[in-house]
Amino acid sequence: MRTRSVVGRLALVAFLAAVLAFWALPMLWLVTAPFDSQPGLDVSWPDWTLANFQKLSENPYAFSSLQNSVYLAVGTMLGVTALAALAAYSLSRVRIPGRNGILYGLLLLSSIVTGTAAMVPIFQLMFQLNLIDDRSGVILVLTGGLLPAAIFILKDFMDATPKSYEESARVFGASPTQVLRHVVLPIVRPGLATIAVWALVNVWSDFLTAYILLRDPAKIPAGVVMYTFYSEGGQANLPLISAFSLVYALPVVALYLFVNRRYGFRFHGGIKS
Amino acid sequence: MASIRIDGLTKVYPGDVTAIDGLDVTVEDGSFFALLGPSGCGKTTLLRTIAGLEEASGGSISIGDRDVTRLAPGDRNVAMVFQDYALFPHMTVTDNIAYPLRIKKVGRSERAAKAAETGEGLGLSALMARRPGELSGGQQQRVALARAMACQPDVFLLDEPLSNLDARLRLEARTFLKRLQKDLGVTTVFVTHDQSEALAMADQIAVMEAGRIRQLGTPSEIFRRPANTFVANFIGSTPMNMLPGKLVGGVLQVGALEGVDAVAAGWAGREAPDGEVTVAFRPEYARVDGKGPLVFEGTVETTESLGASVLVTARTDDGQRVQVVVPEGEEPEVGAVVGVAPASGRVLVYDAEGELLSPSSSVP
Amino acid sequence: MTATADRKVRSNREAGARAGGPVDSIDAAGLGRARAAGLVAPALVLVLAFLVVPAAWTVYLGVTDYRLTGIQAANPEFVGLDNFTAALADPDFRNSLWLTLLFVLGSAIVGQTVAGFALAWTLRTVPKLVRSVVETLVLLAWILPSSIVAFLWVAYLSGDGGTLNAMLQTSGTEWLLEHPMASIIVFNTWRGTAFSMLLFSAALGAVPPSQLESARLAGAGAFAQLRDVVLPHIRGHVLTNTLLISLWTFNDFSPYLLTAGGPNHASETLPVFIYNKALYGGQLGYGSAISFIMLLINLVIALFYVRLLRERR
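Here goes a summary of the coordinates provided. Since this is a predicted model, take the numbers as computed values, not measurements. Along each chain, numbering runs from 1 in the same order as the chain's sequence is written. Chains carry letters from A onward and ligands carry numbers from 1 onward, assigned in written order. In view of the model being predicted, local features appear only for residues whose pLDDT reaches at least 70, and side-chain atom pairs are presented and counted only at 80 or more, with totals across whole chains, interfaces and linings using the full set of residues. Each side-chain value is derived from all of the structure's non-hydrogen atoms; neither hydrogens nor water enter the calculation.

**Things to note about the pattern of salt bridges**
Put simply, a salt bridge is a Lys or Arg side-chain nitrogen that is within 4 Å of an Asp or Glu carboxyl oxygen. With the rule as written, the count across this model stands at 15 salt bridges over all chains. For Arg212(B), the salt bridge is made with Asp21(B), and the minimal N-O distance between the two is 2.8 Å. In this pair, Arg212(B) is assigned in strand β10 (residues 212–217) and Asp21(B) in strand β2 (residues 17–27), connecting sequence segments 191 residues apart. Salt-bridge contacts for Arg287(B) lead to Asp289(B); the nearest nitrogen and oxygen are separated by 3.2 Å. Counted as one network, the salt bridges with shared partners bring together Glu167(A), Arg48(B) and Glu54(B). Numbering of helices and strands starts at the N terminus; helices are DSSP runs of H or I of at least 4 residues and strands are runs of E of at least 2.

Written as structure tokens, this is what we have:
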């Protein structure tokens, strides 16, 4: 019994060590290279210089691409959260004719029509609408893509909120707008925050949609700029790439830490967040 | 303050589910009125229809002199306390109580003063800055009541007001609610599935089944003389004794007592046709000493303590189960042969349809 | 789904909605149907425009010889099922389909499921600090932008001073060129295990401890407990997990960021194939036909998933 538990513990420790190595090793570069005066592709102890960030600030596309990312992420986040909240609220509370059909259709659509499977017609559609190389076009496409899942998550959230809150307010004479403002929105705020964070992270990380819809280097977001930095011919500019990666990654890490501390990393219907 | 008059009210849900079926009832001004029945009997739907949360499919509802059938909930001047209290979790107790006044566009300082006053009346002064999540069940209930009182409604509607409290608090809350209702004098309708709650609190009880009222009366009327076997079965904390019998030429025959003449005595009022009947009496209204016109002989099977009294279950020779409640210390031994005798005037006879046959109080 | 299944879902939900009440209220918010429909409309319009229309368009584009440039760009001709027959005859397409299958089987069904379950299982009992460090790393791999993690792996696997070669003493091995499929499979396992880990953690948390304890009292070892108590409980979760991660992996574009499908189509999964053919190569009609096939495969997986969800409710 004793030897068996010792062997078991050793196996556990070995497994955890392997897990740590597997996940940490590729990521270490992101922490060391930006602070190395001559970053290579391998992980090595840096000499803690900020020179790479100096170089980054001189690059014309680095800053503008981050601005573009903020623009796309915030725009999409606002659109998705507002439209999904209104739709989820009325789908949850009012039995609109065809409600089950709408929900079923949304559930199917959100899994079937992915950005990759539909990239050709989406490109074609935006081309016809004259929205190629237009950041609003990217926001529209991303919003349309994220909405079904957002409506689904929020509807679950609203379904879990007792209807007696609204009914109580109605008996006291509150109008539908007052019910929404005074009661529903404050109560579902955690759900709205979830959707907002989820949309932000999704768009911030997006590569494909912007890659196929935007051409002008002044309009492309950070995800695409990052790829052009290392995929374009010639020697990769590692000081620039490493510093840019870190700056581009930081908001996601910060959001993760915030969400983790505030709510714990809960599970939301199997959607990346 | 106002009475509530309901005429021919019908509520049909999509899919032809009839929740309320042509119901007429009047709730007197200032009374404490219970809607009692098993789940699914339509009592909650009736309450919600009075509130305006459900739209009536037919019939009318008047509060005072006003026909409110087609009015929005907010225009009926009613206040409702929900089963889960529905206190807004993001608002303090003060804001919750003041919410109806906020809707009525009362100024902020006046609202706070009114909330403080109402809260004080219910012993909530120390809790006014808290949020509902920080309150006990009993405190939440009082906040919900205070919120309902703050808008000075004509009618209070309470949906299962005690069901979210634990057993001990429930008894306290009963007394508290009854006193509060009398103090305020506001017409109050409450829904419950617990017959003891209805008996304890209400002035009038409507016992409902399948969207209809099966009996309307005071608690003592309903307890002493259930109008039909449904009500008889539903009311009472120990189940009513129900024994099959026969009426032949005005003579009651029950089990082993076939042809006992004495039972026919005192048969008054409406004519009783011959046929199968059910003879019923409450275990509380019987003795084990075997005296009286109607006696069921049986062997004691079990005795269960109810605290101050004991429930004795005996089985007659022809296999009928008869129960009787006796004072503590007077219960017979298990195995003893006893004669269970319902008290004079407490035997009820129901016809084959389950309707009460004996309108006079002197059977046998 | 069938109408009966639909009705069952509805009545179950209504029964749960309001204990004691007979039927779910039709309009709890007092909105009125017209206003409610007005609130849903904007979202539906966007979904219609950017999901439904594109999906329908694949069918139209798929049966034409539309190209990005040239005569066919201005005046596409109807070619019927030519694109589909061409696809089935195209060795590059069949190769791509095969690679996609390998990618899904290797990285999702085997890699992420096994790693996710192993992590969820072991992390239950380790000290809290270890647990949160491991979880944070696995989750970061999942949520960091794909073009960053792609470059991290390009650097990690590089033959020219990459960390992996330094550790394995295999200097000069260009993993992405010499073993492209293995590389993207390992990469995607690294990237996506977080989801399975979270899902299995939640599922394991719902296994009643009393059942595990009675199994242990009956003398069951760790393996027997897993087989007899845990697996029956989480079977539904395993299936959900498998379907979802298969769907996502099937639609994953990140291999493009690592290998762009190369070298010489050796890692060209279906999404990359479509991009290379349609948007890079300009054959929009042909690319749409492939997209349509992809949508059909997605539909099949999604129908399984929806059926599963309904059974569980």
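That covers the picture; the talk isn't over yet.
**Structural notes on the interface of chain A and chain B**
Interface size is commonly expressed as the accessible surface area that is lost when the partners come together. Throughout, a residue-residue contact means that at least one pair of heavy atoms, one from each residue, lies within 4.5 Å. Listed by partner, the interface residues are 16 residues for chain A and 25 residues for chain B. Take the accessible area each of two parts loses on contact, using a 1.4 Å probe, and add the two losses: that sum is the buried area. The junction of chain A with chain B conceals about 1,800 Å² of combined surface from both sides, 64% of it contributed by carbon and sulfur atoms. The three residues of chain A that bury the most area against chain B are Val171(A), Phe172(A) and His182(A), which together make up 41% of that side's buried surface. Across the contact surface, chain A and chain B share 1 salt bridge. Ionic pairing is found between Glu167(A) and Arg48(B), a salt bridge with its closest N-O pair at 2.6 Å. Counted as a polar contact is a pair of N or O atoms within 3.5 Å, where, for protein atoms, one must be capable of donating a hydrogen and the other of accepting one, and residues adjacent in sequence contribute only when both atoms are in side chains. The tally of links from chain A across to chain B stands at 7 residue pairs in polar contact (both at pLDDT 80 or more). Mapped onto the side of chain A that touches chain B, the elements with two or more residues apiece are α7 (164–171) and α8 (176–187) of chain A.

**Thoughts on the packing of helix α3 (residues 60–93) of chain A against helix α6 (residues 135–159) of chain A**
Residue and element names in this part refer to chain A. Between α3 and α6, the shortest axis-to-axis distance is 6 Å and the interhelical angle comes to 40 degrees. Where α3 crosses over α6, the handedness of that crossing is right-handed. Just so you know the grouping, Ala, Val, Leu, Ile, Met, Phe, Trp, Tyr, Cys and Pro go in nonpolar, Asp, Glu, Lys and Arg go in charged, and all remaining residues, Gly too, go in polar. Of the residues contributing to the contact of α3 with α6, the split by class is 19 nonpolar, 7 polar and 4 charged. Axis geometry follows a simple rule: fit a line to the C-alpha atoms, using only the stretch in contact for helices, then measure angles between N-to-C directions, giving values from 0 to 180 degrees. Definitions for this section: a left-handed crossing has its near helix turned counterclockwise from the far helix by less than a right angle. A right-handed crossing has that turn clockwise.

**Side note on unusual backbone geometry**
At Asp133(A), a position not held by glycine, the phi torsion is positive, near 65 degrees. Position of Asp133(A) among the secondary structure elements: in the loop between α5 (119–128) and α6. Despite not being glycine, Asp16(B) shows a phi value in the positive range, around 60 degrees. Among the structural elements, Asp16(B) can be located in the loop between β1 (4–13) and β2.

**Quick notes on a negative patch on the surface**
Residues form patches when they are more than 30% accessible in relative terms and have no salt bridge. Like charges link within 9 Å. Nonpolar side chains (Val, Leu, Ile, Met, Phe, Trp, Tyr) link within 5 Å. Residue burial considers only the protein chains on display, and all accessible areas are found by Shrake-Rupley using a 1.4 Å probe. Residues counted as positive are Lys and Arg, residues counted as negative are Asp and Glu, and His and the chain ends are not counted. The location of each charge is read from NZ of Lys, CZ of Arg, CG of Asp or CD of Glu. On the surface, Glu328(B), Glu330(B), Glu331(B) and Glu333(B) cluster together to form a negatively charged patch. Tracing the chain through its elements places Glu328(B) in the loop between β17 (321–327) and β18 (337–342).

**Some words on the pairing of β1(B)**
Side chains on a regular strand alternate between the two faces of the sheet. Residues and elements named next belong to chain B. Strands were regarded as paired on the criterion that DSSP finds at least two bridges between them. Relative to β2, β1 is paired through 7 bridges, and the arrangement is antiparallel. Within the sheet, the bridge partner assigned to isoleucine 6 lies in β2 and is valine 25. What sits between the antiparallel neighbours β1 and β2 is a turn of 3 residues, in which glycine 15 has the positive phi angle 90 degrees. Relative to strand β4 (residues 58–63), β1 runs antiparallel, the two being bridged by 5 bridges. Paired with arginine 5 across the two strands is serine 62, which belongs to β4.

These figures come from the coordinates and say nothing about function on their own.
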